[in-house]
Amino acid sequence: MLKYFEITKDSEWAKKFFTAKLAYTITPGELRKVLDEIPDDIQVVDVRKFEDFSKGHIPAAINIPYDQLEVYIGELPKNKVIIVYGYNIVCHLGAKGALFLAENNIPVMELCGGFEEWQNKDFEVISTPN
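Residues numbered from 1 in each chain as written. Predicted model: local features only at pLDDT ≥ 70, side-chain atom pairs only at ≥ 80, totals over all residues. Heavy atoms only, no water.

Visitor: Describe the overall build of the protein chain, naming the residues involved and giving the relevant values.
Guide: Broken down by element type, the protein chain carries six helices and five strands. Helices and strands appear in the protein chain in the N-to-C order α-β-α-β-α-β-α-β-α-β-α. Scored against the burial criterion, the 130 residues of the protein chain give a buried share of 34%. For the protein chain, the accessible surface area stands at approximately 8500 Å², while carbon and sulfur atoms represent 56% of it. (Helix = DSSP H or I, 4+ residues; strand = E, 2+ residues; numbered from the N terminus. Buried < 20%, exposed > 50% of the residue type's maximum accessible area, 1.4 Å probe, protein only. Areas by Shrake-Rupley, 256 points an atom, 1.4 Å probe, with all protein chains shown as cover.)

Visitor: Report on the packing of aromatic side chains, specifying residues and quantitative values.
Guide: Counted by the stated rule, this structure contains four aromatic pairs. For the pair W13 and F17, a centre-to-centre distance of 5.5 Å together with 10 degrees between the ring planes defines the contact as stacked. Here the residue W13 and the residue F17 both occupy positions in helix α1 (residues 11-23), the gap between them amounting to four residues, near one helical turn. Given a relative accessible area of 37%, F17 falls into the partly exposed group. (Phe/Tyr/Trp six-rings, centres within 6.5 Å; stacked < 30°, edge-to-face > 60°.)

Visitor: Lay out the side chain of T25 in plain terms, naming residues and giving numbers.
Guide: Tracing the backbone shows T25 in strand β1 (residues 25-26). What makes T25 buried here is its relative accessible area of 16%. A distance of 2.5 Å separates a polar atom in the side chain of T25 from the backbone oxygen of K21. Residues in contact with T25, not counting those within four places in the same chain, are E30, M109, E110 and C112. (Polar contact = N/O pair within 3.5 Å; in protein donor to acceptor, adjacent residues only side chain to side chain. Contact = heavy atoms within 4.5 Å.)

Visitor: How would you sum up helix α2 (residues 28-37)? Please name residues and give values.
Guide: Each α-helix winds once per 3.6 residues, and so residues spaced three or four apart point in a common direction. Taken as a whole, α2 has its buried residues at P28, L31, V34 and L35. The buried side chains of α2 occupy one side of the element, clustering within an arc of 120 degrees when seen end-on. Across from the buried face of α2, at angles greater than 90 degrees, the exposed residues are D36 and E37. Summarising the contacts, the buried residues of α2 are in contact with β1, β2 (42-46), β4 (81-85), β5 (108-111) and α6 (114-120). (Arc of directions from axis to C-beta.)

Visitor: Tell me about the nonpolar core, residues and numbers included.
Guide: In this structure, L31, V44, I58 and I83 are the most contacted members of the largest nonpolar core, which totals 15 residues. Those elements giving two or more residues to this core turn out to be α2, β2, β4, β5 and α6. No other element matches α2, which puts three residues into this core. The residues contacting L31, other than those within four sequence positions of it, are I26, I42, V44, I58, I83, L111 and W118. The next biggest cluster of nonpolar side chains, apart from the first, holds 13 residues, and it includes I64, L69, I82 and V84. (Core = buried A, V, L, I, M, F, W, Y, C linked by side-chain atoms within 4.5 Å.)

Visitor: So what about the environment of E124? Which residues, and what values?
Guide: Along the chain, E124 turns up in the segment after α6. Residues E124 and G56, 68 residues apart in the sequence, show an inter-C-alpha distance of 9.6 Å. In this structure, E124 is in contact with H57, I58, P59 and W118, ignoring residues within four places of it in sequence.

Visitor: Describe the pattern of salt bridges, and please don't skip the residues or the numbers.
Guide: Scanning the entire structure with this criterion turns up four salt bridges. Of the charged contacts, one joins E12 and K15 as a salt bridge, the two residues approaching to 2.7 Å between their closest N and O atoms. With E12 and K15 both in helix α1, this residue pair falls three residues apart, about one helical turn. With its nearest N and O atoms 2.7 Å apart, the salt bridge here joins R48 to D46. (Salt bridge = Lys/Arg side-chain N within 4 Å of Asp/Glu carboxyl O.)

Below, the structure written as structure tokens:
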């Protein structure tokens, strides 16, 4: 068990990690404010399955399921920050999607807690009729 915590002794690495985490994540409240104040500066991308997106999503979001990001990456705006989200805090789809976009030189952030946390804040959710 002690070996597991060895990395926590490196406070310089921890500072870099948490600085980066704060720079490249956005909370639901912060996203709500950005959507109200400067919506043209961002594009929200839901990387969940289409079936789940159609049941409910953040109003400004477009749906590009994670396994389709490579196909549709060229359709994302180059002059906006892409805000990516998945299902919830334990879902890695948002982080994996954000990493893929960053690897392709696209400005990106991840929504903390994903769609579930957005819902928990009682922010507006819309559905898409089939």
